Every structure is written in C-alpha cells, then in structure tokens.
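Listed here are the chains, written in short residue letters.
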Amino acid sequence: MEELRRLEKLQSVVSVISSRGLLSSSSSSASDLDASTSSRFLSELVLFLVQPCGDLNIDSKILLVSDFIPKVSGPFLDEISSSIQRDDEAKPLITNSESQKSCAKRSFMDSADPHTLEKDQGVVAMVGLDAMKRANSTLEDFSRSYFMFHQLEISEPQSIFRYLPVLSFTESYIYQMDALNEKIVSESQVNMQSSSHGWNVESRVLFETDPLKPLGDVLEREGLLTQRIQQEFKSGKEYWALERKLCHALLNKNKICVEDVMRAIHLKSFDYRVLNLLLYKLRGVEVNELHMEFLSVSEFLVEVADDLFDYEDDVLENSFNVLRMFVGMFGPSNAPTELAKRISEAEEKYEEIMKSLDPHLSSKYQRRCEEATKEGGKVCGPSLGTWNIPAVISDEDAYRAAHR
C-alpha cells in the first residue's frame, strides 16, 4: 500500500513537472525511455526536497542546493559511489535470525517513511479495505467453483477459513494493482499525447517497477512461492501491458493484432490460476495438470461470457473487451462470426477434456455452472444454452459522446 502511495506521489509530481515545462526538451532526439528516466529522477529529487529536515525551510534548501550543485563533479560522485560500495562489501554476513530482527526493527522505525519502506518489500505489501471488498466476489466464485477440485466442501466453514487469509490477501493485492492499471488505461483516454504503445511518462513511472514483487516477497517468506506462481505473475504483468497497449490502439484507431487479443483473453484469468496453485501448495499436494488444463479452457469461456455481458460498459470505460477488439480487427459485420469461431473451438476442447474428468467431479462442476447461470453470473460450459452476442457498436466515439 505504501509503495502504491509513493508511486501515486511520483505520478503527481511528474504531472506538475510536465505541465509547467520544467523538464528540459533540448535533447529532442532522446528516446521516450530517456525522457521517462529523467522525469522520474527529477520527481524523486523534488520529493526529497519537500521532505522535512530539521529547521530548514524550502528557501533554505534551494539556496543550499544551488550553492552545492555547481561544485559537484563526475569524479567526486564516482569517489562517493566507490566508497559506499567498499563499505557494503566490508559488512559481515547477517544471519537469518539477525535479518529477521533487522526487518522487524525497520518495519517499526520506518513506518512513516515510504521511501525507506521500499527497502523492505515485505513491509509494503499491504491491501486496503476497498480492494478486499472488490476481491470478495472473486473469492466467493473461486471457492464455489474450484474447491471441489481439491476435495474441499464449500458448505464446511473450516474448509474456507483455513485458507482464507492467504487467498484473500493475494486476490486483494492483485485487485489493487489491477485498479492501478485501469487508472492508467482510463487516463490514456483523455491524454492523447501518449506514445504509440499506450504508454505516457506517468504510466512508465507507475509500472516500470515490478508491481507484483511485494506480493511475491510475502508468499516466499511464507514458503508458498513456486515457479508456477511466479510464471502466473509474469502472465499478469503481460496481461496488464497488453491491456494498455490494445485499449490505447483501439482508442486511436491503430492496427490491432489478433494474436495479442487472444493472448490477452487467455492471460486475463491469471489471478484464478494463482489462487488455484496456492491452494495446491497450502494443501501440500502435487498440481493436477488435467484439472489445470480443463479449468484453463473454462476460464477462457468465462472471460468471453463476461466480456459479452459487460460489452457496452467496457466501451464507455475504454476497458479491454474481446468483442471490442474483434470489432476493431474484423469490422462490425464480421466480428460476431469471427468470435463465434473461437468460442466453438474452445467449447470442443472443453467437452473433450471433460470426458477425462472423474464423472462425479464433472457432474458437480456442471451443477455449479448451472447455479452461476441462474444467478446471472458467469457461464462456464457449452451445454448451458446458446451464446448471445450483443449488437456491436460501430462508432465508439459517438456512443461514448451520447452517454456522457
């Protein structure tokens, strides 16, 4: 949470610097990445200058810096850097117990300083109440749809509460990062000066760090971080990057690649796979690859069904939506047919893998899908009826303008 606040502060400072033209543009040939790095450096400097420091006020700090900077040279900084490096190398190795004590001490002493908190990623991996509320529906659906694959009964409270702390924390943290990514996408809708890849300087500042590393640090400390979970974290970061790229491209009427769209829709449920893999690890059993493959196909169908249900809202919000992307790629007339082909292919695979499942488990999962459909929730499986593809919106700009 503190890391998130620090990044938001950086974004705010970057906005002020950019709006007032304080970043030198003399190097017009510099790349976007160079501009982003320069902007971040200056933003960090500004944040440092406004931090309280004894009796010094802002004017005093400016005078000190103005007098000091001209005296600083490259060799001087190299000497300081080398000295610090030698000091670090000369430090004795810290035992595990001493490291834990040190972390605990820093957690207490540095709690008011987000810049220091960044040194210990485990301290900053926190979730807010709003994220927990948003994650609640996903946790309920996960419990009702996935627990059966772990021989856990949703009707038994101990099955839920035994694993709830880790599952809830994980999903809530992912929701926080997802909300941050959605903010970047929504801001690109009003900032048409961003780059052709959907990135502006502010977006780079927010996501140039590893957004899921603090969560990974917590899971590693608990002995729960596996290579498979790390891979799903990479999938999540890739999905967020594709979401930014595709939504920006669609908004600017740029070309969209069908491989990117299909990759994104398959990656989108990475949080469910993280939760599922965590449950295997928490239970101390091997991952069932057949179940993972089946659920992966089901997740694809669920995501498509959700996108069809949320289509109009996603157009208004410029959110990733598979039907939106297909309209952008194939046009309003051909998009429904092209999407139907992909749905049919996934349904065939779904039915084929289901034949390999335990009959009792297969029947139980089908009943869960029927429950979800009656509740107006997610559809999972082709046997629940025909797909309803909504009328496509050929002119999104006009549609948004009409509904503002």
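Above: the structure in question.
(A) Local environment of the packing of helix 13 (residues 227-251) against helix 15 (residues 270-283). Their axes nearest at 9 Å, the elements helix 13 and helix 15 cross at an angle of 170°. With respect to their mutual orientation, helix 13 and helix 15 come out roughly antiparallel. Of the residues in helix 15, those touching helix 13 at Arg-228, Ile-229, Glu-232, Phe-233, Ser-235, Gly-236 and Trp-240 are Phe-270, Arg-273, Val-274, Leu-277 and Leu-278. Residue composition of the contact of helix 13 with helix 15, by class: seven nonpolar, two polar and three charged.

(B) Helix 13, seen in detail. Across its 25 residues, helix 13 extends 36 Å between first and last C-alpha, which sits within 8% of the 36 Å expected from 1.5 Å per residue. Lys-253 sits one or two positions beyond helix 13 and adopts a positive phi of about 60°.

(C) A look at the side chain of Thr-170. Mapped onto the elements, Thr-170 comes out in helix 10 (residues 164-188). A distance of 2.8 Å separates a polar atom in the side chain of Thr-170 from the backbone oxygen of Val-166. Discounting chain neighbours no more than four positions away, the residues touching Thr-170 are Leu-215, Leu-219, Val-274, Leu-275 and Leu-278.

(D) Structural detail: helix 8 (residues 129-146). Relative to the 26 Å expected for 18 residues at 1.5 Å per residue, helix 8 spans 25 Å between its end C-alpha atoms, a close match to the ideal helical length. At Ala-135, helix 8 shows its strongest bend, of approximately 35°.

(E) Molecular detail of the packing of aromatic side chains. Using the criterion set out here, one finds eleven aromatic pairs in the structure. Residues Trp-240 and Phe-270 carry aromatic rings whose centres are separated by 5.6 Å and whose planes lie at 90° to one another, so their mutual orientation is edge-to-face. A residue pair is termed long-range when its members are at least 10 positions apart, and Trp-240 in helix 13 and Phe-270 in helix 15 qualify at 30 residues. Accessibility classification places Trp-240 together with Phe-270 in one group, the buried group. Residues Phe-294 and Tyr-350 carry aromatic rings whose centres are separated by 5.0 Å and whose planes lie at 35° to one another, so their mutual orientation is tilted. On the criterion of sequence distance, the pair formed by Phe-294 in helix 16 (residues 289-309) and Tyr-350 in helix 18 (residues 322-354) is long-range, its members being 56 residues apart. Here the two residues Phe-294 and Tyr-350 agree in accessibility, since each one is buried. Here the aromatic cluster, defined as three or more aromatic residues joined through ring pairs, consists of Phe-142, Tyr-146, Phe-147 and Tyr-272.

(F) Structural detail: the pattern of salt bridges. Per the stated rule, a full pass over the model turns up 23 salt bridges. The partner of Asp-217 in a salt bridge is Lys-213, with the nearest N and O atoms 3.0 Å apart. Of the two residues, Asp-217 and Lys-213 both sit in helix 12 (residues 213-221), four residues apart, roughly one turn of that helix.

(G) Structural detail: the environment of Glu-351. The residue Glu-351 is located in helix 18 in this model. It is 9.8 Å that separates the C-alpha atoms of Glu-351 and Val-297, two residues lying 54 residues apart in sequence.

Cut-off values and rules
- Residues numbered from 1 in each chain as written.
- Predicted model: local features only at pLDDT ≥ 70, side-chain atom pairs only at ≥ 80, totals over all residues.
- Heavy atoms only, no water.
- Axes fitted to C-alpha atoms, helices over the stretch in contact; angles between N-to-C directions.
- Helix = DSSP H or I, 4+ residues; strand = E, 2+ residues; numbered from the N terminus.
- Parallel < 35°, antiparallel > 145°, perpendicular 65-115°, else oblique.
- Contact = heavy atoms within 4.5 Å.
- Nonpolar A, V, L, I, M, F, W, Y, C, P; charged D, E, K, R; others polar.
- Expected span 1.5 Å × (residues − 1).
- Polar contact = N/O pair within 3.5 Å; in protein donor to acceptor, adjacent residues only side chain to side chain.
- Bend = angle between axes of the 7 residues up to and from the residue.
- Phe/Tyr/Trp six-rings, centres within 6.5 Å; stacked < 30°, edge-to-face > 60°.
- Buried < 20%, exposed > 50% of the residue type's maximum accessible area, 1.4 Å probe, protein only.
- Salt bridge = Lys/Arg side-chain N within 4 Å of Asp/Glu carboxyl O.

That's the geometry; what it means functionally is another story.
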